[in-house]
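Next come the chains, spelled out residue by residue.
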Amino acid sequence: MKVYSFRTNKEDKDIEELLESLKEDKSQYIKNALRFYRDFGAKIAKIEAILEKLEQSGIKAQIPPQPAEPEPATESETSNDEKILLESLEDILSL
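Residues numbered from 1 in each chain as written. Predicted model: local features only at pLDDT ≥ 70, side-chain atom pairs only at ≥ 80, totals over all residues. Heavy atoms only, no water.

J.: Explain the overall build of the protein chain to me, please; I cannot follow it from the model alone.
T.: Helix and strand content of the protein chain: 3 helices and 0 strands. Secondary structure elements in the protein chain, listed N-terminal to C-terminal, are α-α-α. Sorting the 95 residues of the protein chain into buried and exposed places 6% on the buried side. Here the protein chain has roughly 9300 Å² of accessible surface; of this, 56% comes from carbon and sulfur atoms. (Helix = DSSP H or I, 4+ residues; strand = E, 2+ residues; numbered from the N terminus. Buried < 20%, exposed > 50% of the residue type's maximum accessible area, 1.4 Å probe, protein only. Areas by Shrake-Rupley, 256 points an atom, 1.4 Å probe, with all protein chains shown as cover.)

See the structure below:
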């Protein structure tokens, strides 16, 4: 079996703190992190790309500015917003 190791740099204080706080096997933690990145790295990148496209397409622009006194939303507006949100979540989860 090959043995892999790495050194931390001065700017890696966050990594050092994390590894020092682990009570269990540090090598198992690193292996699990690498497996997670291998399995989900591409999916996370796709989700980030989708979110960026949504932001660029004007999703934020659809939100009207807040009036001084907010008006109660009607039933149809709320259900339409929920429908859009659910469809977006389904698209993201279907990756």
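J.: Would you take a moment to explain the packing of aromatic side chains for this structure?
T.: Two numbers describe a pair of aromatic rings. These are the distance of the centres and the angle of the planes. In this structure the tally under the stated criterion is 1 aromatic pair. Between the aromatic rings of phenylalanine 36 and phenylalanine 40, the centroid separation amounts to 5.0 Å while the plane-to-plane angle is 40°, which identifies the pairing as tilted. Of the two residues, phenylalanine 36 and phenylalanine 40 are both situated in helix H2 (residues 26–56); the distance of 4 residues between them amounts to about one turn of the helix. (Phe/Tyr/Trp six-rings, centres within 6.5 Å; stacked < 30°, edge-to-face > 60°.)

J.: Sorry, what's going on with the pattern of salt bridges here?
T.: Between side chains of opposite charge, pairing is possible as soon as their charged atoms come close. Scanning the entire structure with this criterion turns up 1 salt bridge. One salt bridge in this structure joins arginine 38 and aspartate 39, with 2.9 Å as the shortest N-O distance. Note on aspartate 39: relative accessible area 40%, which makes it partly exposed. (Salt bridge = Lys/Arg side-chain N within 4 Å of Asp/Glu carboxyl O.)

J.: Would you take a moment to explain a nonpolar patch on the surface for this structure?
T.: Where nonpolar side chains cluster on the molecular surface, the patch consists of Leu85, Leu86, Leu89 and Leu93 and spans about 440 Å² of accessible area. Mapped onto the fold, leucine 93 is located in helix H3 (residues 75–93). (Patch = residues over 30% accessible without salt bridge, like charges linked within 9 Å, V, L, I, M, F, W, Y side chains within 5 Å.)

J.: Could you clarify how one ought to interpret the side chain of aspartate 12 in this entry?
T.: Secondary-structure assignment places aspartate 12 in the segment before helix H1 (13–21). Look at aspartate 12: it is buried, it has no salt bridge, and the nearest opposite charge is lysine 13 at 9.9 Å. (Lys, Arg positive; Asp, Glu negative; His and termini not counted.)

J.: Any chance you could explain the confidence of the model for the protein chain here in plain terms?
T.: Low-pLDDT stretches of the model should not have their predicted coordinates read in fine detail. Considering every residue of the protein chain, the mean pLDDT works out to 80; 77% of them sit at 70 or more. Ranking the elements of the protein chain by mean pLDDT puts H3 last with 71 and H1 first with 92. (pLDDT = per-residue confidence, 0-100.)

J.: Whenever I open this one, the environment of threonine 8 confuses me. Can you help?
T.: Structurally, threonine 8 is set in the segment before H1. Those residues in contact with threonine 8 that lie beyond four places of it in its chain are Ile15 and Glu16. One polar contact links threonine 8 to glutamate 16, side chain to side chain, over a distance of 2.7 Å. (Contact = heavy atoms within 4.5 Å. Polar contact = N/O pair within 3.5 Å; in protein donor to acceptor, adjacent residues only side chain to side chain.)

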